[in-house]
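The primary structure of each chain is shown beneath.
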Amino acid sequence: MVDARSSLRLIGYWWSHDAPEWPRPQDWSDPYWSLEERDLVALYLESGQHMPYATAGLSLCRLCDKPNGSLEFTDGVFLWPQGLAHYVREHSVRLPDEIIKRAQQWAEPMNWEVDLTWWREQKARG
Ligand SMILES: [Zn+2]
């Protein structure tokens, strides 16, 4: 048996009466957060890989009650609900620097070294 379990760090869940252990998004809202950085982080969150399952149900935004998705996304390190980008984009909910930094690294072409050889060397089966 192959043990291929990967560990992901859950982010982006928010307080509710049923889940009082999560932070409150309004506490994290920063109206002075630069629009450019905010857009980048929202785009990063929207560009994650969606997990092959749906969560228990549709989530409502804790701040405006809009339906806010039922999927979860990952970047291989973090795991977040589909609606997290909405909090960032629409309510300026500023995420921890570690996440902002990942978005910035992702957006910078200089940070990616692209291997052109592996794919060329692949052979068709049979
Ligand atoms: Zn909202």
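Shown above is the structure to which this text applies.
One numbering rule holds for all chains: residues counted from 1, following each sequence as written. Reporting of local features is limited, given that this is a predicted model, to residues whose pLDDT is at least 70; pairs of side-chain atoms are given and counted only at 80 or more, and all residues count toward the totals for whole chains, interfaces and linings.

## Examining the overall build of the protein
Consideration 1: In terms of helices and strands, the protein carries five helices and four strands.
Consideration 2: Computed over C-alpha atoms, the radius of gyration of the protein comes to 18 Å, more than 25% over the 14 Å expected from 2.2 N^0.38 for 126 residues, which places it beyond the range of a compact globule.
Consideration 3: Principal-axis analysis of the C-alpha atoms places the extent of the protein at approximately 55 × 40 × 20 Å.
Consideration 4: Exposure is read from a count of other C-beta atoms within 10 Å of each residue's own; the residue is exposed at 12 or fewer, buried at 20 or more and partly exposed in between. C-beta atoms are placed from the backbone. When the 126 residues of the protein are sorted by exposure, 20% land in the buried category.
Consideration 5: Here, residues touch in the contact sense if the C-beta positions derived from the backbone fall within 7 Å of one another. Considering only intrachain contacts with a sequence separation of at least 6, the fraction spanning at least 24 residues in the protein is 58%. Numbered from the N terminus, helices here are DSSP runs of H or I no shorter than four residues, and strands are runs of E no shorter than two. In this setup the radius of gyration rests on C-alpha atoms only. A globule is expected at 2.2 Å times the number of residues raised to 0.38.

## Concerning the sheet that holds strand β1 (residues 9–10)
Consideration 1: Strand pairing is defined by DSSP finding a minimum of two bridges between the two strands. Pairing within the open sheet is mixed, and its four strands lie in the order β1-β4-β3-β2. What marks the edges here is a single partner per strand, and that holds for β1 and β2 (49–54).
Consideration 2: One ladder, built from two bridges, connects β1 with strand β4 (residues 78–81); its direction is parallel. Residue pairing in the sheet places R9 in a bridge with F78 of β4.

## A look at the nonpolar core
For soluble globular proteins, the rule of thumb is that nonpolar side chains tend to be buried together.
Consideration 1: Core membership is restricted to buried Ala, Val, Leu, Ile, Met, Phe, Trp, Tyr and Cys residues, and these are joined into a nonpolar core through C-beta atoms within 7 Å. Ranked by size, the top nonpolar core spans 13 residues in total, and within it V41, L45, L84 and V88 carry the most contacts.
Consideration 2: Contributions of two or more residues to this core are made by α2 (35–46), α3 (84–91) and α4 (97–107).
Consideration 3: Looking at this core element by element, the count peaks at four residues for α3.

## Some words on α3
Consideration 1: Residues of α3 that are buried include every one of L84, A85, H86, Y87 and V88, and no others.
Consideration 2: Elements that come into contact with the buried residues of α3 comprise α1 (25–28), α2 and β4.
Consideration 3: Looking one or two places after α3, you find S92, whose phi comes out positive at around 55°.

## Describing the pairing of strand β3 (residues 71–74)
Side-chain positions along a regular strand alternate between the two faces of the sheet.
Consideration 1: Pairing geometry for β2 and β3, over three bridges, is antiparallel. Of the residues in β3, the one forming a bridge with A54 is L71.
Consideration 2: Here β3 runs beside β4; their pairing, made up of three bridges, is antiparallel. Of the residues in β4, the one forming a bridge with F73 is W80.
Consideration 3: Counted between consecutive antiparallel strands, the loop separating β3 from β4 contains three residues, among which G76 sits at a positive phi close to 90°.

## Topic: unusual backbone geometry
Consideration 1: The residue D65 is not glycine, and still its phi comes out positive at about 65°.
Consideration 2: The residue D65 is located in the loop between β2 and β3 in this model.

## A word on the environment of P96
Consideration 1: With respect to the helices and strands, the residue P96 is situated in the loop between α3 and α4.
Consideration 2: C-alpha separation for the pair P96 and S7, spaced 89 residues apart in sequence, amounts to 19 Å.

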